[in-house]
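# Commentary on secondary and tertiary structure
The chain contents come next:
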2 protein chains.
Amino acid sequence: MTDRIVLATRNPHKIEEVRRILVDAGLAIDMVELPSDAPEVAETESTFAGNALLKARAIAQATGLPTIADDSGLCVDALNGMPGVLSARWAGRHGDDEANLALVLAQMLDVPEHRRGAQFICAAAWVVPGSHEHVVEGALEGSLLREARGSHGFGYDPIFCPDGMAVSVAQLQPGEKDAISHRGRAFRTLAAMMGSR
Amino acid sequence: MTDRIVLATRNPHKIEEVRRILVDAGLAIDMVELPSDAPEVAETESTFAGNALLKARAIAQATGLPTIADDSGLCVDALNGMPGVLSARWAGRHGDDEANLALVLAQMLDVPEHRRGAQFICAAAWVVPGSHEHVVEGALEGSLLREARGSHGFGYDPIFCPDGMAVSVAQLQPGEKDAISHRGRAFRTLAAMMGSR
C-alpha cells in the first residue's frame, strides 16, 4: 500500500533530500507537493521540534492529509547555539543561503580553531490528523571552516566539516551526506516509525 | 593628585561616556588618549570580562601606564545571549551601528513580545602595570523594540527599552542614561575602587 503524505516545505533542496532519504529507507510513500494555497506558517517557536510540529500541524489541518515537516539549522558553539531556529533568515532575509553563510563566517572571523565547534540539528515531525503526532531529532557534530568549500547540498553545508572528516558537507556525494547527516538520521528514525504503522 | 590613565578604546562614544561617568563619580583623573601607534587588540575571548582584560593588559604593556578598558554589548534572550561579545561586528563589519541594529531587528522579526527580553552588559577593566588588575561588570535589563527610536547614545541604544520605562535608551538624556546604564554601573564600581587606592 502506498500512503499519500504531504511534506510541509517549499524548499526544493529539502524536498529532494527528504524524498531521497525516505525512498532509500524503503518507505513506499506518495509524497504530495504542498498545495499552492497552503497557509504560510511563521516559525515562532524557540526550538526545532516546536517549529517542525507547528508547520506539520498547520498543513495537516489545511489539507486533511498526513503531513511531515522538517525544521533544521546550524548551532554554533561560539554563537551560543545560534543561528539555530533562525538559520534560514540569519542575514535578515528568508532563504538567502549565500548571505547567511557569509554572515556566519564574518561573525566567526576572530574565533580561534578550538572554539569553532558546531552542530547541524534536524527535527522531523509527523502529524496524522485526528490520530497522532510525533517529532524526532537527528544531529551531526562538526566544526566551522574559514571559507566555503564544495558545491553539493545547500544552506551551511559548504562551511561545515563533520568530525573525523577533512571535507565540508558540500564536498560529499548525496548518499554520503545522507548516511551521516542530521536530516538523514532524523528522517530514518521517522521512517522506521511510519513503516511500523 | 591627578593620575594619568589610558582608556583603551578608539570609539569616540565610549570615550565620551566613560569620561562623563568618571567625572560625575568625582574621580580626578587625566584621561589620556590611546597613542596612535598602540597595538590593535583582537577581541578573541568568549566573555566581556575576558576581552576587557585582554585590551587593558595589552595597552598597559604598550604604554607602561595604568589603563582602563570597556567591553560591552547586547545579550538577547531569543538569540541565546548573542550578539554578546560580537555586538560591535554582528553584521560582519566592525563598528557599523546601523547595520548591526538592523540585523538584530530582522532576526527578531517573528519573535513575539514575551520572548523579546534582553540585557546590556558592560565589563570595565583596570590594569596597573606591575601592580594589580581588576574587572567588574554592570548590567541593564530590558526588552527589544520593533523599530529604532531616539537619537542619543550609540550602538543598540535606539532599539533597547529598559524594564519599567516606555522609551528607548536613545531617547534618554546623557545623565539619565548613565544613571541606569550597564556602563554607568560598571564604571562607578570601578571609580570607587580607583578612588580608594
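Structure: see above.
Formed by 83 residues in total, the largest nonpolar core has its most connected members in A:Trp90, A:Leu144, B:Trp90 and B:Leu144. Leaving out residues up to four positions away in the same chain, A:Trp90 has contacts with A:Met82, A:Pro83, A:Asn100, A:Leu103, A:Val104, A:Gln107, A:Tyr156, B:Leu79, B:Trp90, B:Leu103 and B:Gln107.

With that settled, the discussion passes to the interface of chain A and chain B. With 20 residues of chain A at the interface, the matching set in chain B holds 20 residues. Of the roughly 1,700 Å² buried at the junction of chain A and chain B (both faces included), carbon and sulfur atoms supply 55%. Where chain A packs against chain B, one counts two salt bridges. In this structure, B:Asp110 engages A:Arg89 in a salt bridge whose closest nitrogen and oxygen atoms are separated by 2.8 Å. Run the count over chain A and chain B and you get seven residue pairs in polar contact (both at pLDDT 80 or more). Among the residues forming the side of chain A that touches chain B, the class breakdown is 10 nonpolar, six polar and four charged.

So, about unusual backbone geometry. Residue and element names in this part refer to chain A. Backbone torsion omega between Met 82 and Pro 83 reads 0°, so that peptide bond is classified as cis. Phi is positive for Asn 80, which is not a glycine, with a value near 55°. Along the chain, Asn 80 turns up in the loop between strand S3 (67–76) and helix H3 (97–107).

For these two chains of identical sequence, chain A goes onto chain B by a turn of 180° and a shift of 0.0 Å along the axis, with RMSD 0.0 Å. Put plainly, the chains are arranged around a two-fold axis. Closest approach to the rotation axis among the C-alpha atoms of chain A is made by A:Asn80, whose C-alpha sits 2.9 Å away.

For the rest of this paragraph, the subject is helix H3 (residues 97–107) of chain B. Of all the positions in H3(B), only B:Asn100, B:Leu101, B:Leu103, B:Val104, B:Leu105 and B:Gln107 are classed as buried. In this fold, the buried residues of H3(B) make contact with H3 of chain A together with strand S5 (132–144) of chain B.

Attention now goes to the state of the cysteines. Applying the stated criterion to the full structure yields zero disulfides over all chains. Just so you know, B:Cys161 is unpaired, no disulfide at all, and the nearest cysteine sulfur is the one on B:Cys75, 17 Å from it.

The subject of this paragraph is the environment of B:Ile21. By secondary structure assignment, the location of B:Ile21 is in helix H1 (residues 12–24). Not counting residues up to four positions away in its chain, the partners in contact with B:Ile21 are B:Asp178, B:Arg183, B:Gly184, B:Phe187 and B:Arg188.

With that settled, consider the packing of helix H1 (residues 12–24) of chain A against helix H5 (residues 182–195) of chain A. All names here are of chain A. Axis separation between H1 and H5 bottoms out at 9 Å; the angle between their running directions is 50°. By the angle class used here, H1 and H5 are oblique. H5 is crossed by H1, and the crossing has right-handed handedness. Across the interface between the two elements, Lys 14, Glu 17, Val 18, Ile 21 and Leu 22 from H1 touch Arg 183, Gly 184, Phe 187, Arg 188 and Ala 191 from H5. Taken together, the residues of the contact of H1 with H5 break down into five nonpolar, one polar and four charged.

Moving on, we come to the sheet that holds strand S4 (residues 117–128) of chain B. Residue and element names in this part refer to chain B. Strand order in the open sheet made by the six strands is S2-S1-S3-S4-S5-S6, with mixed pairing throughout. Each edge of the open sheet is held by one strand with a lone partner, namely strand S2 (29–32) and strand S6 (160–162). The mean angle between the axes of side-by-side strands here comes to 35°, regardless of whether they run parallel or antiparallel.

Next up on the list: the environment of A:His182. Residues and elements named next belong to chain A. Summarising the element assignment, His 182 is placed in helix H5. In this structure His 182 comes out as buried when scored by relative accessible area, which is 4%. As a C-alpha pair, His 182 and Glu 137 span 45 residues in sequence and 7.7 Å in three-dimensional space.

Below, the discussion takes up H1(A). Residue and element names in this part refer to chain A. Taking 1.5 Å of rise per residue, 13 residues should cover 18 Å, and H1 covers 18 Å from first to last C-alpha, within 8% of that figure. In this structure, the buried side of H1 is in contact with strand S1 (3–7), strand S2 (29–32), helix H2 (48–63), S3, helix H4 (174–180) and H5. Between the side-chain oxygen of the N-cap and the backbone nitrogen of His 13 there are 2.9 Å, and the N-cap of H1 in question is Asn 11. Taken from the residues just after H1, Gly 26 is the one with a positive phi, measuring 85°.

Attention shifts here to the side chain of A:Asp71. All names here are of chain A. On the secondary structure map, Asp 71 appears in strand S3. With relative accessibility at 3%, the residue Asp 71 sits in the buried group. A polar atom in the side chain of Asp 71 sits 3.3 Å from the side chain of Lys 55. When sequence neighbours within four positions are dropped, the list of residues in contact with Asp 71 reads Glu 43, Thr 47, Phe 48, Asn 51, Ala 52, Lys 55, Val 85, Ile 121, Cys 122 and Ala 123.

So, on to the sheet that holds strand S6 (residues 160–162) of chain A. Residues and elements named next belong to chain A. Strand order in this open sheet of six strands is S2-S1-S3-S4-S5-S6, and the pairing throughout is mixed. The sheet is open, and its two edges are formed by S2 and S6, each paired on a single side. Taken pair by pair, the neighbouring strands of this sheet meet at an average axis angle of 35°, ignoring direction. In terms of strand pairing, S1 meets S3 through two bridges, oriented parallel. Looking across to S3, one finds that Leu 7 is bridged to Ile 68.

Reading guide: rules and limits
Residues numbered from 1 in each chain as written. Chains lettered and ligands numbered in written order. Predicted model: local features only at pLDDT ≥ 70, side-chain atom pairs only at ≥ 80, totals over all residues. Heavy atoms only, no water. Core = buried A, V, L, I, M, F, W, Y, C linked by side-chain atoms within 4.5 Å. Buried < 20%, exposed > 50% of the residue type's maximum accessible area, 1.4 Å probe, protein only. Contact = heavy atoms within 4.5 Å. Buried area = accessible area lost by both parts, 1.4 Å probe. Salt bridge = Lys/Arg side-chain N within 4 Å of Asp/Glu carboxyl O. Polar contact = N/O pair within 3.5 Å; in protein donor to acceptor, adjacent residues only side chain to side chain. Nonpolar A, V, L, I, M, F, W, Y, C, P; charged D, E, K, R; others polar. Helix = DSSP H or I, 4+ residues; strand = E, 2+ residues; numbered from the N terminus. Least-squares fit on C-alpha atoms with pLDDT ≥ 70 in both. Disulfide = S-S within 2.5 Å. Axes fitted to C-alpha atoms, helices over the stretch in contact; angles between N-to-C directions. Parallel < 35°, antiparallel > 145°, perpendicular 65-115°, else oblique. Left-handed = near helix turned anticlockwise from the far one by under 90°. Pairing = 2+ DSSP bridges. Expected span 1.5 Å × (residues − 1).

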